[in-house]
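Structure assessment
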Amino acid sequence: MRLKCIRLAGFKSFVDPTTVPFTKNMTCVVGPNGCGKSNIIDAVRWVMGESSAKHLRGESMTDVIFNGSTARKPVGQASIELVFDNSDGTLKGQYGQYAEIALKRQVTREGQSSYYLNGTKCRRKDITEIFLGTGLGSRSYAIIEQGMISRLIEAKPEELRNTIEEAAGISKYKERRRETENR
Ligand code: ATP
Ligand code: MG
């Protein structure tokens, strides 16, 4: 599985529709301070269902919407689409049969969030479920952010266990058991 490209529009500093392609050999994104490198990572987390504004370096969830600059007016909504190459079948479930999986999230100033899977409206849960056990996901270890290593070192045993369970691929079964028990 590989992230092929990200399409951003109205998200943080990416006000105009922008496509960031990730070629097979891509190893890093470079640029001057404040040019939007970390915003790209925030975009990935956001689509995967990140629901904490703080984790996206903002105060409220609508802070991800472009809020204007000296030259441009603020816009009314933000949208991000992540396109994954799934020709190796890593992503399972209902959409596992597709060689390409596109996940999209949109939010309006009113705070209305919508999610789409290959163009069809879905729930946040449908997106988080696809990634359970893959090591990806909004809080997964695939994205190592500043301070994460020290947080793991200082983590309480239960917190550390969540990370180990995700790495071992059993978190999806635990999630299903929890759902069944709550029914
Ligand atoms: P560094 O090298 O310092 O880590 P960076 O390339 O990671 O920089 P980012 O943190 O991704 O930079 O981008 C910060 C820029 O995004 C700032 O200029 C900030 O004003 C802009 N920005 C963040 N949120 C918004 C928003 N909602 N609307 C407009 N601009 C925004
Ligand atoms: Mg940065």
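The rules we used
- Residues numbered from 1 in each chain as written.
- Chains lettered and ligands numbered in written order.
- Predicted model: local features only at pLDDT ≥ 70, side-chain atom pairs only at ≥ 80, totals over all residues.
- pLDDT = per-residue confidence, 0-100.
- Core = buried A, V, L, I, M, F, W, Y, C linked by C-beta atoms within 7 Å.
- Buried ≥ 20, exposed ≤ 12 C-beta atoms within 10 Å, placed from the backbone.
- Helix = DSSP H or I, 4+ residues; strand = E, 2+ residues; numbered from the N terminus.
- Contact = placed C-beta atoms within 7 Å.
- Expected span 1.5 Å × (residues − 1).

**With respect to the confidence of the model for the protein**
Per-residue confidence for the protein gives a mean pLDDT of 89; residues scoring 70 or more make up 99%. Model confidence for the complex: the whole-complex pTM is 0.85, and ipTM, which rates the interface, is 0.98.

**Notes on the nonpolar core**
Ranked by size, the top nonpolar core spans 28 residues in total, and within it Phe11, Ala43, Val47, Val64, Ile80 and Leu82 carry the most contacts. Those elements giving two or more residues to this core turn out to be β1 (2–9), α1 (37–47), β3 (77–85), β4 (100–108) and α2 (124–131). With five residues, β3 is the single largest residue contributor to this core. Apart from the residues lying within four places of it in its own chain, the contact partners of leucine 82 are Leu3, Ile6, Val44, Val47 and Leu103.

**Digging into helix α4 (residues 157–168)**
An α-helical turn contains 3.6 residues, so any two residues separated by three or four positions project in the same direction. Helix length check: α4 (12 residues) gives 16 Å between terminal C-alpha atoms against 16 Å at 1.5 Å per residue, within 8%. Just downstream of α4 lies glycine 169, where phi reads positive at about 80°.

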